[in-house]
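Remarks on the overall topology
Read off the chains here:
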Amino acid sequence: MRKGWSGRVSFTAVVALAFVACTPPTAESDAPSFTLPDTVTFAEHIAPLVWANCMPCHRPGHAGPFALITYTDVAKRSRMVRDVTRRGYMPPWPADTTYARYLGERRLDARQIALLAKWVDQGLLPGDTAALPAPPVPPAYAGLGEPDLQVWLPDTFHQPGDNRDHFIIAKAPYELPRDTFVRAIAFVPGNRRTVHHMNGAFVAYADGARRDVHAGAQYIDAERTQGVAAFSALQLANDDGSYPALVPSAVNYLPGMEVTAYPEGLGGYYFKRKGAFLMNTLHYGPYPRDTVDRSHFAVWFAERPPERPLQELQLGTNGLSPVDPPLHLEPGEVRTFRTQYTLPRAISVLTVNPHMHLLGRSFLAYAVVPAGDTIPLVRINQWNFRWQYAYTFRKLLPLPKGTVVHVYGTFDNTANNPDQPYKPPRAITGTDSHFMRTTDEMFQFFLSYVDWKEGDEKVELGGVNGRSGE
Ligand code: HEC
C-alpha cells in the first residue's frame, strides 16, 4: 500500500525468523572497587534489588516458577538465589553490558551479586520489614493506557503435560471498520507460566484481496509442518493464491519484555481493514501438567500515519549477506562463522537481535564506520537458546552510508554443549527451508532501523518495551 510498507518485506524473510530463545550472563567484571555495608538486611538492601530485578517475572501469574517479593519468599530460596545470581543464570540477560548498553537492562553488577551473597552468609537478617513500602506494581502496558483493539487467538491451545517445549505456528485474524494507523502492539500471554516466547508478524490484505480472513487452520505444530505447508494450512494467501504484504517482527514477546512503544514520531504501522497476526513461532516452555493457553494481541491506534516507519535488516541465514563459510558443523566441532554487510545508505538503529539455535556458544556484532571507528552492537559471551532478547539501544544509533556491519557467531557441536540435541553429536547443516527445527542451525542478525536524520544521535528511546529504561 503506502511507501515503506510493501516491498521491504518478503514472505520468506519472515518465515526465517523462526523462534527466538535465550542466555545467562556471567558476572560482570566491573569489580573490584565496591564496598558492602557491614550489615545487609532484607528491608534496606535486598528488597529494592529483588523488586527491581526479579519480581517483574517472579510474581504470581508471571513467568517465574515462584514469587520473589516478600522476605519469606526470598529467604525460603536464599541459597538458590545466591547460586543463580553468582552463576549469572538469573536474571536472564545474555548481552554483555560491558560491551554495549541497552534500555531496561536486567543484569546484576558485581556489587549486587556480592550483596545478595553477604545477606545469605549473614543469616538472612530481615531488618525493619514493617517499614517497607508496598512493592511497586509495574504499570500495565507500559503506561500506554487501555488498548483500542484486542485480537484473540481463535481457539484455546491445549498443552500436554509432557515437560517438553512446544513450538506452534498460529494466526489471529481481524477485521476493522476501516484502514487505520497503529502506534503500538503488545502480545499478552494467557498463560504466562508456559508461554515462553513469541515472534509475531502481521499480514495486511489489499482491498478486495481476501474475502474470509477467518478460514484456515488455527494452530500448527511447527515441529511437523513448516514453511509453505504451514502457510497454506493457515490459509494466509489472497483469494487468488498470491501472498499479501507482510510486516515482520511487528510484535515479539519474551517474559519480562512485553510491549514495544517507541517515542512519538518513531515506528508505527499501517493496518489494513482485513489482516491477521502471524505467530511464527509461539514457543511454550516445558510444563509437567496438562494446561491451556489463550493469548491475545493488544493494539493502540494512532491519529496520524507513521512518520518514520521501522525497517529491518536481516543478515546471515536467509538474509542480505551470506554466512561465511556456509554453515556446517562436523560432530565434535567448535567453529566460528561470520557475515558482513555494507550499508548502502545512512540509517539509525533502534534494536539488534542475534539469533542462533541450540549449538550457539557466543555472538559478536559491531559496526566499522567509514571514518574507521568501531561501534559495539552486541556481545553474548555465553549463548542461551532460551533467552533471545532483542536489545534496544538507549538512544538512536546513527550509522553512516558505507558502514560495515561485522557479525561473528561461534557454534559448539561437541558433547560438552549442554544444549546438544544429539548423543553422540551429528553433522549439522545450516537451514534455509526447515526453519524452526531446533536441530538445524541458523546464524542470523536483525537490526531494526529508521532512515537517518540529522540529530538522531540525540533521540532517546526510553519507555520502549514496557520497561522504564534507566
Ligand atoms: C525475565 C524474567 C525473569 C527475571 C527478571 C528473573 N527470573 Fe528467575 N526465572 C525465570 C524463569 C522463566 C525461570 C524458570 C527457569 C527458566 O526458564 O530458565 C526462573 C527460575 C529461577 C530460579 C530457579 C532456578 C532453578 O534452577 O530451578 C531461581 C532461583 C530464580 N529464577 C531466581 C531469580 C532471581 C534471584 C532473580 C533476580 C535477581 C530472577 N530470578 C530474575 C524468569 C526470570
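Reference entry: report on the structure contained in this document. (Residues numbered from 1 in each chain as written. Predicted model: local features only at pLDDT ≥ 70, side-chain atom pairs only at ≥ 80, totals over all residues. Heavy atoms only, no water.)

1. Thoughts on the overall build of the protein
When helices and strands are counted, the protein shows 6 helices and 22 strands. In the protein, which comprises 470 residues, the proportion classed as buried is 55%. Split by element, the accessible area of the protein, about 19,800 Å² in all, is 51% carbon and sulfur. (Helix = DSSP H or I, 4+ residues; strand = E, 2+ residues; numbered from the N terminus. Buried < 20%, exposed > 50% of the residue type's maximum accessible area, 1.4 Å probe, protein only. Areas by Shrake-Rupley, 256 points an atom, 1.4 Å probe, with all protein chains shown as cover.)

2. Describing the coordination of the iron atom of the ligand
Looking at the metal site, the iron atom of the ligand is ligated by His 58 (NE2) and Met 90 (SD), spaced 2.0 to 2.3 Å from it. Its 6 donor atoms give the iron atom of the ligand angles of 85 to 179 degrees at the centre, a pattern that matches the octahedral case. Here His 58 is found in the loop between α2 (42-53) and α3 (71-76), whereas its partner Met 90 is found in the loop between α4 (78-86) and α5 (110-121), with 32 residues between them in sequence. (Donors = N, O, S within 2.8 Å, 3.2 Å for Na, K, Ca; no water. Tetrahedral: all angles 85-135°; square planar, octahedral: opposite > 155°, others 65-115°.)

3. Re the nonpolar core
Residues Tyr 102, Val 352, Phe 363, Leu 377, Val 378, Tyr 391 and Phe 445 are the most contacted members of the largest nonpolar core, which totals 45 residues. Where this core is concerned, the elements lending two or more residues are β13 (311-316), β15 (334-342), β16 (347-356), β17 (360-368), β18 (374-380), β19 (391-399), β20 (404-412) and β22 (443-451). Those residues in contact with Val 352, other than ones at most four positions away along the chain, are Tyr 102, Leu 377, Val 378, Tyr 389, Ala 390, Tyr 391, Phe 393, Phe 445, Phe 446 and Leu 447. One finds Met 198, Phe 202, Met 279 and Leu 282 within the second-largest nonpolar core, a separate group that totals 35 residues. (Core = buried A, V, L, I, M, F, W, Y, C linked by side-chain atoms within 4.5 Å. Contact = heavy atoms within 4.5 Å.)

4. Quick look at the sheet that holds β16
Here 4 strands make up an open sheet; going across it, the order is β13-β22-β16-β19 and the pairing antiparallel. At either margin of the open sheet sits one strand with a lone partner, and together these are β13 and β19. Across this sheet, the average inter-strand angle for adjacent strands is 30 degrees, counted without regard to direction. Two strands pair when backbone bridges link them, and β13 and β22 are joined in this way by 6 bridges, in the antiparallel orientation. (Pairing = 2+ DSSP bridges. Axes fitted to C-alpha atoms, helices over the stretch in contact; angles between N-to-C directions.)

5. Considerations on the sheet that holds β15
With antiparallel pairing, 4 strands are arranged side by side in an open sheet as β15-β20-β17-β18. Either end of the sheet is taken by a strand with one partner, and the two such strands are β15 and β18. In this sheet, adjacent strand axes meet at a mean angle of 15 degrees when their direction is disregarded. Of the strand pairs in this sheet, β17 and β18 are connected by 6 bridges, and their pairing is antiparallel. In the sheet register, Ala 365 faces β18, and the bridge partner there is Val 378.

6. Some details on the side chain of Asp 293
Looking at where Asp 293 falls in the secondary structure, it is placed in strand β11 (residues 291-293). Of the side chains bearing the opposite charge, Arg 294 lies closest to the buried Asp 293, which forms no salt bridge; the N-O distance is 8.6 Å. Only 2.6 Å separates the side chain of Asp 293 from the side chain of Tyr 284, close enough to count as a polar contact. (Lys, Arg positive; Asp, Glu negative; His and termini not counted. Salt bridge = Lys/Arg side-chain N within 4 Å of Asp/Glu carboxyl O. Polar contact = N/O pair within 3.5 Å; in protein donor to acceptor, adjacent residues only side chain to side chain.)

7. Concerning the site of the ligand
Near the ligand lie 21 residues; those nearest to it are Cys 54, Cys 57, His 58, Tyr 89 and Met 90. Between the ligand and His 58 there is a distance of 2.7 Å, counted from a nitrogen atom to a side-chain nitrogen or oxygen. Tyr 89 places a side-chain nitrogen or oxygen 2.7 Å from an oxygen atom of the ligand. No other element matches α4, which puts 4 residues into the shell around the ligand. (Near = heavy atom within 4 Å.)

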